[in-house]
Amino acid sequence: MMEDLSKTSRRDRKRIARMAKRNVGSEIVLILTAGFSLLMIVTFYFGVYTFLPLAEVVNVRPTIVWVALSFGTASICAFIHAIRMRPKVERARELDAAFLYEYQQKRNVERAEKS
């Protein structure tokens, strides 16, 4: 790694460590489950404007359109979240490991100087 890690502030290191601990897969599952439920409720509330006209146009039962519309929207949101967050979390994990490696190197040098 070519970056000088010693110039990174303590606040930035904490932010990077928090980002490295994130689990994108769990976040995606949360978006798919809770987001789907929330979208079901919202589309039901605005059903006159959302899935009922679409069901008439497609000639399918409104329940099928309602579930498909909610699941499709939740899936798209989860997919976009995964595309945006995976590279950031991977980079944070790399930096966090580099910080740990640098810290261990400094401790080894200090121990070698003491003995």
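The structure presented is a predicted model; accordingly, all values stated were derived computationally and were not measured.

Participant: Can you explain the packing of aromatic side chains? Please cite residues and give values.
Facilitator: Taken as a whole, this structure holds 4 aromatic pairs when the rule is applied. The interplanar angle of 40° and the centroid separation of 5.4 Å between the aromatic rings of Phe44 and Trp66 together place this pair among those described as tilted. Linking Phe44 in helix H2 (residues 24–45) with Trp66 in helix H4 (residues 62–114), this pair joins segments that are 22 residues apart in sequence. Its relative accessible area of 55% is what places Phe44 among the exposed residues. Ring centres 5.7 Å apart and planes at 20° place the aromatic pair Phe51 and Trp66 in the stacked group. On the criterion of sequence distance, the pair formed by Phe51 in helix H3 (residues 51–58) and Trp66 in helix H4 is long-range, its members being 15 residues apart. Pair check on accessibility: Phe51 and Trp66 agree, each one buried. Among the aromatic side chains, those forming a connected cluster through ring pairs are Phe44, Phe51 and Trp66.

Participant: Hey, could you go over the pattern of salt bridges for me, with residue numbers and the actual values?
Facilitator: Following the criterion strictly, the structure yields 4 salt bridges and no others. Here Asp12 makes a salt bridge to Arg15, at a shortest N to O gap of 3.9 Å. Here Arg15 and Asp12 lie together in helix H1 (residues 10–20), a separation of 3 residues that amounts to about one turn. Among the residues examined, Arg15 registers a relative accessible area of 45% and is labelled partly exposed.

Conventions used here
Residues numbered from 1 in each chain as written. Predicted model: local features only at pLDDT ≥ 70, side-chain atom pairs only at ≥ 80, totals over all residues. Heavy atoms only, no water. Phe/Tyr/Trp six-rings, centres within 6.5 Å; stacked < 30°, edge-to-face > 60°. Helix = DSSP H or I, 4+ residues; strand = E, 2+ residues; numbered from the N terminus. Buried < 20%, exposed > 50% of the residue type's maximum accessible area, 1.4 Å probe, protein only. Salt bridge = Lys/Arg side-chain N within 4 Å of Asp/Glu carboxyl O.

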